[in-house]
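# Descriptive structure summary
So you can see what is in the structure, the chains are spelled out below.
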Amino acid sequence: MTSLMGKAFPVVYVADVRRSVAFYTLLGYAPTYQFPLEGEPHYVGMDRGDASLGLSDVNWPEAQLGITVGTAPRFELFVYVDDVEAEVGRFREAGYRVLQEPATMPWGERQAYLADPDGNPVALAMPVSGPA
């Protein structure tokens, strides 16, 4: 059995697990686990290369921990892609909101921001070759 020691990943509380799975699948994540195994998922684990992400129904922390999740963005995900403009175009065509159009940053990356289905910011970035 493979040891999971040292592995860590964020769990994002989402209003609609299936809707969020569709968004993160478009971003290159692939579902690896669902609970329950049949029917409407309450949790889905996803992987993108070495990166993992969990998507959990927003009601879980209240039911299990007595914590109510707020409505403001709860995290930011930063993802490297091969072509920021192309990815922004794909997400726009799929109906997702672009928060910030692609721009070259002073630290040498081309970057844009999308909103996931719950309004959390997702940065898309790629290194810029040559001077900014």
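What counts and how
Residues numbered from 1 in each chain as written. Predicted model: local features only at pLDDT ≥ 70, side-chain atom pairs only at ≥ 80, totals over all residues. Heavy atoms only, no water. Helix = DSSP H or I, 4+ residues; strand = E, 2+ residues; numbered from the N terminus. Buried < 20%, exposed > 50% of the residue type's maximum accessible area, 1.4 Å probe, protein only. Contact = heavy atoms within 4.5 Å. Lys, Arg positive; Asp, Glu negative; His and termini not counted. Charge placed at Lys NZ, Arg CZ, Asp CG, Glu CD. Pairing = 2+ DSSP bridges. Axes fitted to C-alpha atoms, helices over the stretch in contact; angles between N-to-C directions. Salt bridge = Lys/Arg side-chain N within 4 Å of Asp/Glu carboxyl O.

## Here's the deal with the overall build of the protein
Along the protein, the regular secondary structure elements total 3 helices and 8 strands. Along the three orthogonal principal directions, the C-alpha set of the protein runs to about 50 × 35 × 25 Å. Within the span of the protein, comprising 132 residues, buried residues form 37% of the whole. Partitioning the contacts of the protein with sequence separation of at least 6, the portion at a separation of at least 24 is 52%. Averaged over its 9 positive side-chain charges, the protein has a centre that lies 2 Å from the centre of its 17 negative ones.

## So, the sheet that holds strand E7 (residues 109-115)
One open sheet accounts for 4 strands, arranged E5-E8-E7-E6; its pairing is mixed. With partners counted over all chains shown, the strands left at the sheet margins are strand E5 (77-80) and strand E6 (98-104), one partner each. Mean inter-strand twist for the sheet, computed between neighbouring axes without regard to direction, equals 15 degrees. As paired strands, E6 and E7 are joined by 4 bridges and run antiparallel to one another. Looking at the pairing, Gln100 lines up with Tyr113 of E7.

## Concerning the pattern of salt bridges
Scanning the entire structure with this criterion turns up 5 salt bridges. A salt bridge links Arg18 to Glu40; its shortest N-O distance comes to 3.2 Å. Of the two residues, Arg18 sits in helix H1 (residues 17-26) while Glu40 sits in the loop between strand E2 (30-35) and strand E3 (43-48), which places them 22 residues apart along the sequence. Measuring nitrogen to oxygen at the nearest pair gives 3.0 Å for the salt bridge that ties Arg90 to Glu87. Of this pair, Arg90 and Glu87 both sit in helix H3 (residues 84-93), 3 residues apart, roughly one helical turn.

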